[in-house]
Amino acid sequence: MPDLSALPETLPERRELTTVPRFSDKVFRGVVTAGGFVALIVLGLIAVFLATRSFDVFRMFKLGFVTGFNWDSGDPDNGITPILGIGSMLIGTLVVSFVGLFFALPIAVGTALYLTYYAPYWLKKPMTILVDLMAAIPSVIYGLWGFFILMPHAIYWAKLINKYLGWFPTFSVPLPIFERSPFIAGLVLSVMIIPIITAVSREVFSQVPLDRIQAAYALGATKWSMIKTVVLPFGSSGIAGGAMLGLGRAMGETVAVYLVLNLYFLPNFHVLFSAGGSVASMIVTKFGEAGSLELKGLMAAGLVLFIVTLVVNYLSNLIVRRASRTGR
Amino acid sequence: MDILKLKGSGQAQTTSEDKVAKPEISSLASVAADRSESKGDFVPRRPGAGLEAKGVHAWFGKHHVLANVSLNFPSGTVTALIGPSGCGKSTFLRTLNRMHEFIPGAGMAGEVLLDGTDIYKSGTDVTKIRLKVGMVFQKPNPFPSMTIGENVLSGIKLAQLKVSNKDDLLEECLQRAGLWNEVKDRLSAHGGSLSGGQQQRLCIARALAVKPEVLLMDEPCSALDPGSTLRIEETIRQLTESVIVVIVTHNMQQAARVSDFTGFFLSDGGPGQLVEVASTKEIFSRPKDERTEAYVTGRFG
Ligand SMILES: Nc1ncnc2c1ncn2[C@@H]1O[C@H](COP(=O)(O)OP(=O)(O)OP(=O)(O)O)[C@@H](O)[C@H]1O
Ligand SMILES: [Mg+2]
């Protein structure tokens, strides 16, 4: 046993560890550091900007701003006090986004499976590029397409769903008006988020260890049973992460939803009915003619949306990262 | 059967018998001799049954990697495939259960007869072939998301087979793979929690659960320690009761210990070919081809 008490009384002073970087290295370091910090600073500034502008609103309405359903800019001349609440819009954002995710997820996962395991060799590349390209189309185009091309069909589908599944509360309608419903907005959103979910899913599917795939085939698995027992368990958390990413994108979508959704300041869970909400679209709608208090209210709505999407994105990152670490 | 003991007596025999020029080959030969003595003169239990390759060629794209291999695997036997790296042993093995065709551009010619029927005949259900001709890979590859028990029964699920008593099947397969005593108390632990050797025996149990007629093993022990290797060799010997085993190995000792027949593959830059096939004893004592002799004595390869 070494004598532990034999440590010298005075420890030597720690030496400073330095290197002198070359000039070129310094320059490069400066550039990338600046780049990295610009992103952080911009993000921080946006948060600060929104927070300061919306401070008054939160002080006035407190939590009621998030939970209230009414949006009335008021009329001080006639003694009507303003009341601002984005609860219905927040609910609407969630409803529309989940409708979008509901349609996008199976299609995207199916596309990714097809591209990875079924598509003939010559088709993979062009099809992958095409799907990725879908993400590059400006969202206003999706909105116009949704309004002019998709909506007439979607109304027909909505009527069918309503006719046969109308006994289920979500598919019933208080009035037979099917235009610009959360259902239609969700469909448009689903098309918009398919590329991102497909890309993430394709990425995890391509990481499935070959030896596991071969093990399944060597046991007499069909392609589908192999996918069920090997690929999907391995890719599940990656798919979940991709879905969250798509959800984040859907929640922040503005213009496309603005064109195909009828904004209505009451919570509506009848997805086929022509009334819905979307925080982002609401901001655009009100922005032009907003008074000073209402403008602050819009800033506050923006802040809430900003926080919600940040949280969703953070969660999706967390899931995707854990998926790639455990490698299951 | 205790392989360790067999091996010991084999070496004793060597020293008493011949102390001539080639000590290495003679020791292997006596190991092999011991094996076939224990087996007696080989008589196939079911005449006509078994696996037979007839004039098999294989390509990867334009690359011709295997030429004209004909080999017979009668039921109740273990056949070892040996040869230098890259001579097409794995490729040949994978043509026997149609795993070869997973590689894009892969091609083959010739016939592989399972119980007299060509497995490449058009209209064949490939998944049924792979049920009858199972495979154990070089690297143990249990499904990590499944428990030990689920791993063993995974083939049942994958091929959508019906089994009356899963627990019995589970125990039977683990017994035959020589793993039962080690895992019987933790069947619900994850497959990845086993040691490498145990994982490989788990993979053998998994392959046995679908009741294959043939088991193909591609260097099943190359990632394992000597102890696990011996356990698996023991397992292989016991399997011959009911399955045909074809094993690729780089370990001459292993080929000598475990197989009844040995085939030697070689490629001289062109496609790999089967140089010689004979009883394991012959290959290791008096091979007909001098290249075989050079290889098994370790003079090249
Ligand atoms: N996936 C593949 N694509 C293209 N060529 C391949 C592929 N796999 C193997 N080959 C080629 O086929 C030939 C035979 O390979 P194979 O794996 O059958 O050799 P092997 O005898 O098993 O070698 P080893 O003892 O190293 O495992 C080699 O020349 C190899 O380069
Ligand atoms: Mg090989």
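Everything numeric in this text was worked out from a predicted model, so none of it was measured.

With respect to the packing of helix α7 (residues 166-176) of chain B against helix α9 (residues 196-208) of chain B
Residues and elements named next belong to chain B. Where α7 contacts α9, the two axes come as close as 8 Å, and the packing angle between them is 130°. Taken together, the axis directions place α7 and α9 in an arrangement best described as oblique. Once α7 is placed against α9, the crossing between them reads as right-handed. From α7, C173, L174 and R176 reach across to α9, where they touch L202, A205 and L208. Residue classes in the contact of α7 with α9 are distributed as five nonpolar, no polar and one charged.

Brief notes about the sheet that holds strand β3 (residues 78-82) of chain B
Residues and elements named next belong to chain B. An order of β6-β7-β8-β3-β9-β10 is seen for the six strands of this open sheet, with the pairing classed as mixed. Pairing within the sheet leaves two strands with one partner each, and these edge strands are β6 (133-136) and β10 (273-279). Ignoring which end each strand starts from, the neighbouring axes of this sheet average 20° apart. In the sheet, strand β9 (residues 261-266) pairs with β10 via six bridges, with the strands oriented antiparallel. Each bridged residue has a counterpart across the sheet, and for G263 the counterpart in β10 is V277. Sheet contacts for α9: β6 and β7 (214-218); angle to β6, the most-contacted strand, approximately 170°.

Comments concerning the layout of surface pockets
Volume-wise, the largest pocket comes out at about 810 Å³. Contributing to the lining of the largest pocket are 27 residues, with A:T116, A:Y117, A:K124, B:F102 and B:P104 lying nearest its centre. Tallied by class, residues from the lining of the largest pocket come to 16 nonpolar, six polar and five charged.

Notes on the pairing of strand β4 (residues 106-114) of chain B
Residue and element names in this part refer to chain B. Pairing geometry for strand β1 (residues 50-60) and β4, over eight bridges, is antiparallel. The residue of β4 that forms the bridge with E52 is L113. By the bridge criterion, two bridges tie β4 to strand β5 (residues 117-118) in an arrangement that is antiparallel. When the sheet's bridge partners are listed, L113 is paired in β5 with D118. Between β4 and β5, which follow one another and run antiparallel, lie two residues, and D115 among them has a positive phi close to 50°.

Thresholds applied
For every chain, the first residue of the written sequence is number 1, and numbering continues from 1 along that sequence. Going through the entries in the order they are written, you letter the chains from A and number the ligands from 1. It should be noted that, the model being predicted, local features are given only for residues of pLDDT at least 70 and side-chain atom pairs only at 80 or more, the latter also being counted only at that level, while totals for whole chains, interfaces and linings use all residues. The side-chain quantities take in all heavy atoms of the structure and omit both hydrogens and water. To get an axis, a line is fitted to the C-alpha atoms, and for a helix only the part in contact is used. The angle between two axes follows their N-to-C directions and goes from 0 to 180 degrees. Helix and strand assignments come from DSSP, with helices taken as H or I runs of at least 4 residues and strands as E runs of at least 2, each series counted from the N terminus. Any angle between 65 and 115 degrees counts as roughly perpendicular, while under 35 counts as roughly parallel, over 145 as roughly antiparallel, and the rest as oblique. Handedness of a helix crossing follows the sense of rotation of the near helix relative to the far helix, less than a right angle counterclockwise being left-handed and clockwise being right-handed. Any two residues whose heavy atoms approach within 4.5 Å are treated as being in contact. Polar here means any residue outside two lists: the nonpolar Ala, Val, Leu, Ile, Met, Phe, Trp, Tyr, Cys and Pro, and the charged Asp, Glu, Lys and Arg; Gly therefore counts as polar. Pairing between strands requires that DSSP locate at least two bridges from one strand to the other. Using a grid of 1 Å spacing that covers the protein atoms alone, one calls a set of points a cavity when a 1.4 Å probe fits there but cannot get out, and a pocket when the set is open and has protein on both sides within 12 Å along at least five of seven lines; lining residues are those with an atom within 4 Å of a point. Grid points are joined across faces, edges and corners, and a volume is the space filled by probe spheres set on the points.

Spatial relationships are all this shows, so hold off on functional conclusions.
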